[in-house]
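Letter by letter, the chains look like this.
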Amino acid sequence: QLQLVESGGGLVQPGGSVRLSCAASGVTLNGYTIGWFRQAPGKEREGVSCITRLGFRNYARSVQGRFTISRDNAKNTMYLQMNSLKPEDTAVYYCAADLGSSVVCALSTGSFGSWGQGTQVTVSS
């Protein structure tokens with residue numbers, strides 16, 4: 001059974017950077033579409049970015065050009081590099097995965113069946 005564990009969150013100043021990691025166990029991520037989502041207090045969970053097994057990437061407009069999703073299949077780990085952080089990026093960030101053969105990925109919570117427990121990112125001075 002696939003298990004996902006996020007790490008790397010914390011407090012960062014506006015304009016700063018942080019890299020989130022998500023380590024998978026139980027299965028290999030090679031054939032999975034993986035993604036990052038976030039949920040701020042009082043708001044619905046929203047998609048941030050996703051990447052298919054073939055490397056197609058999709059980003060939310062709010063993070064385009066600032067965030068980069070990547071995967072290291074050898075380490076069975078996915079990453080989210082977040083640069084130029086803003087206070088509105090403050091949220092609990094979740095990684096997710098789904099076994100699929102699609103050439104594209106959607107930033108929809110319903111498209112992912114496995115989830116991590118989340119890691120808090122707070123952007124504040």
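An account of the accompanying structure is given in this report. The model shown is predicted, which means the values in this text are computed figures rather than measured ones.

Under the defined criterion, the tally for this structure stands at two disulfides. Disulfide pairing places Cys-50 opposite Cys-105 at an S-S distance of 2.1 Å. Given an S-S torsion of about 95 degrees, the disulfide between Cys-50 and Cys-105 has right-handed geometry. Taken together, the positions of Cys-50 in strand β5 (residues 46–51) and Cys-105 in the loop between β9 (91–99) and β10 (114–115) put the pair 55 residues apart, joining distant regions of the chain. Like Cys-50, the residue Cys-105 is buried in the burial classification. What connects to what in the chain, once the bonded cysteines are numbered by sequence position, is 1-3, 2-4.

Moving on, we get to the pairing of strand β3 (residues 18–25). In this structure, strand β1 (residues 3–7) lies alongside β3, joined through five bridges in antiparallel fashion. For Ser-7, the partnering residue across the bridge sits in β3 and is Ser-21. Sheet analysis places β3 next to strand β8 (residues 77–82), joined by six bridges and oriented antiparallel. Looking across to β8, one finds that Ser-21 is bridged to Tyr-79.

Let us look at the packing of aromatic side chains. Inspection of every chain in the model, using the stated rule, returns three aromatic pairs. An angle of 70 degrees between the planes, with centres 6.5 Å apart, marks the rings of Phe-112 and Trp-115 as edge-to-face. By relative accessible area, Trp-115 is classed as partly exposed at 27%. Ring-pair connections join several aromatic residues into one group, and the members of that group are Phe-37, Phe-112 and Trp-115. When the ring centre of Tyr-94 is taken as origin, the NZ or CZ atom of Arg-45, which lies over that ring, is 3.7 Å away. Sitting over the ring of Trp-115, Arg-45 keeps its end group 5.0 Å from the ring centre.

What counts and what doesn't
Residues numbered from 1 in each chain as written. Predicted model: local features only at pLDDT ≥ 70, side-chain atom pairs only at ≥ 80, totals over all residues. Heavy atoms only, no water. Disulfide = S-S within 2.5 Å. Helix = DSSP H or I, 4+ residues; strand = E, 2+ residues; numbered from the N terminus. Buried < 20%, exposed > 50% of the residue type's maximum accessible area, 1.4 Å probe, protein only. Pairing = 2+ DSSP bridges. Phe/Tyr/Trp six-rings, centres within 6.5 Å; stacked < 30°, edge-to-face > 60°. Lys NZ or Arg CZ within 6 Å of the ring centre and 35° of its normal.

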